[in-house]
Amino acid sequence: MTIITDKLGRPLQDLRISVTDRCNFRCTYCMPREIFGKDYAFMPREQLLSFEEIERLARIFVELGVKKIRLTGGEPLLRRNLPDLIEKLVAIEGLEDIGLTTNGALLGKYAERLKAAGLERVNVSLDALDDTLFQSINDSGVSSEKVLRGIKKAQEVGLEVKVNMVVKKGMNDQQVVPMAAYFKEQGIALRYIEFMDVGQSNGWDFTQVVTKQEIFQLLSEQFELEPVDPAYVGEVAKRYRYKGTDTEVGFITSVSESFCSTCTRARIAADGRFYTCLFATNGFDLKQLIRSGVDDDALRAAIVPTWQQRKDRYSDERTEETVKNRKKIEMSYIGG
């Protein structure tokens, strides 16, 4: 295995692969309906990477040091026959971990097939327990109860489950403590994600961010938390556990406490473009290269220098000016 590092000495260890740009939710902070309406042109199937193309790229990335792959979207469970792709990826020698991020609406339907294909864990996005609030956020008529049933089914078939909650001031910050209480009782790890300025369409500004410090303060009034050491170099979540339990709560602090210096993640968007940052403005077109008939050596020769030239540290450098003027790729396209 070849270990490659970028200009700041960060190794390539994690790969996020977006398998579709489509989603069955229209969350107001990610894919607002006024932009992603019924006339919005999503990518036609032939523009998406095929499972064989994804498998081929994944093998090469693993040879270059990637240990973990996470499948994202859009909503990855909208991609037909996704368990077939998981079977292919699980078989890659040297890959240590494969996960899936989902909104959970289809999890109850597919949990058994995902587990049978070799998937070990899922991250479920859930921004509120209160059903009226949750439906107003997802703007798609899906109830929080349906997502909770999907989580339960995933646990029943043996998948490890973590829950992700994006916290936005004035939207769902009143759900911080109820979410903690519920998932503590269930023994499920919950991670709070600071509202980030991903893409161009979510109307982000600093005043809408509820910081880790603010969330931690809210939780500390109700629960006794103790810090947990990072599990590996480059771990994103700052982790704690409820004292006297093994149940964890974590924080993704891209805004208030940047983790650019240890970021080891690359991303392949649904159309095969290779991005070196979630806040990227452009990516390298691997699909065009694959479909031109090149061999694996040529693909490596494109991937390696792209990573080696990487100097992204957007969250370190974020200012009012960069937020306003930088044209970033939409989350539904690049994957979370």
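Keep in mind that this is a model prediction, so the values were computed, not measured. (Residues numbered from 1 in each chain as written. Predicted model: local features only at pLDDT ≥ 70, side-chain atom pairs only at ≥ 80, totals over all residues. Heavy atoms only, no water.)

Caption draft 1: Main features of the nonpolar core. In this structure, Phe61, Leu71, Phe183, Tyr192 and Leu219 are the most contacted members of the largest nonpolar core, which totals 100 residues. Examining the composition of this core, we find that 7 residues originate from one element, helix H1 (residues 51–63), more than from any other. Ignoring any residue separated from it by four or fewer positions in sequence, one finds Leu71 in contact with Ile17, Val19, Pro76, Leu82, Leu85, Ile86, Leu89, Ile98, Gly99, Leu100 and Thr101. (Core = buried A, V, L, I, M, F, W, Y, C linked by side-chain atoms within 4.5 Å. Buried < 20%, exposed > 50% of the residue type's maximum accessible area, 1.4 Å probe, protein only. Helix = DSSP H or I, 4+ residues; strand = E, 2+ residues; numbered from the N terminus. Contact = heavy atoms within 4.5 Å.)

Caption draft 2: Fine view of the environment of Gln309. Along the chain, Gln309 turns up in the loop between helix H9 (296–308) and helix H10 (314–317). When the C-alpha positions of Gln309 and Asp6 are compared, they lie 5.9 Å apart, and in sequence the two are 303 residues distant.

Caption draft 3: Examining the pairing of strand S5 (residues 160–167) more closely. Taking burial as the measure, the 8 residues of S5 include 6 buried ones, the bulk of the element. For strand S4 (residues 121–125) and S5, the ladder comprises 5 bridges, and the chain directions are parallel. Within S5, the residue paired with Arg121 across the bridge is Glu160. Of the pairings in the sheet, the one linking S5 to strand S6 (residues 189–194) comprises 6 bridges and is parallel in character. Residue pairing for S6: Asn164 is matched across the bridge by Arg191. Running through helix H6 (residues 176–186), the crossover from S5 to the neighbouring parallel element S6 is right-handed. (Pairing = 2+ DSSP bridges. Right-handed = clockwise from strand over helix to strand, strands pointing away.)

Caption draft 4: Up close: the packing of helix H2 (residues 82–90) against helix H3 (residues 107–117). Remark: H2 packs on H3, axes separated minimally by 8 Å, with the N-to-C direction vectors making an angle of 20 degrees. Considering their axes alone, H2 and H3 lie roughly parallel with respect to each other. In the packing of H2 onto H3, the handedness of the crossing is right-handed. Along its contact with H2, which presents Pro83, Ile86, Glu87 and Val90, the element H3 presents Arg113, Leu114 and Ala117. (Axes fitted to C-alpha atoms, helices over the stretch in contact; angles between N-to-C directions. Parallel < 35°, antiparallel > 145°, perpendicular 65-115°, else oblique. Left-handed = near helix turned anticlockwise from the far one by under 90°.)

Caption draft 5: Inspection of unusual backbone geometry at higher detail. The residue after Gly73, namely Gly74, is reached through a cis peptide bond having omega 25 degrees. One non-glycine residue, Asn81, lies in the positive phi region at around 60 degrees. Along the polypeptide, Asn81 turns up in the loop between strand S2 (68–72) and H2. Here the phi dihedral of Asp139 falls at roughly 50 degrees; this positive angle occurs in a residue that is not glycine. Among the structural elements, Asp139 can be located in the loop between helix H4 (131–138) and helix H5 (144–156). Residue Asp139 is classed as partly exposed on the basis of its relative accessible area of 33%.

Caption draft 6: Just the packing of aromatic side chains, in detail. Under the counting rule described, the total for this entry stands at 11 aromatic pairs. Taken together, a centroid distance of 4.8 Å and an interplanar angle of 65 degrees make the contact between Tyr40 and Phe42 edge-to-face. The exposure class of Tyr40 is partly exposed, given its relative accessible area of 35%. By relative accessible area, which is 14% here, Phe42 ends up buried. (Phe/Tyr/Trp six-rings, centres within 6.5 Å; stacked < 30°, edge-to-face > 60°.)

Caption draft 7: Molecular detail of the state of the cysteines. Throughout the structure, instances matching the rule amount to 0 disulfides. Here Cys30 stays unpaired: no disulfide links it, and the sulfur of Cys27, its closest cysteine neighbor, is 6.5 Å away. No disulfide involves Cys263; its nearest neighbouring cysteine sulfur is the one of Cys277, lying 6.7 Å away. On the accessibility criterion, Cys263 (13% relative accessible area) is buried. (Disulfide = S-S within 2.5 Å.)

Caption draft 8: Spotlight on the sheet that holds S5. Taken in spatial order, the 12 strands of this open sheet run S7-S8-S9-S6-S5-S4-S3-S2-S1-S10-S11-S12, and their pairing is mixed. Edge positions in the open sheet fall to strand S7 (225–227) and strand S12 (284–285), since each of these has one partner strand only. H2 rests against S2 and strand S3 (97–102) of the sheet, and its axis sits at about 170 degrees to S2.

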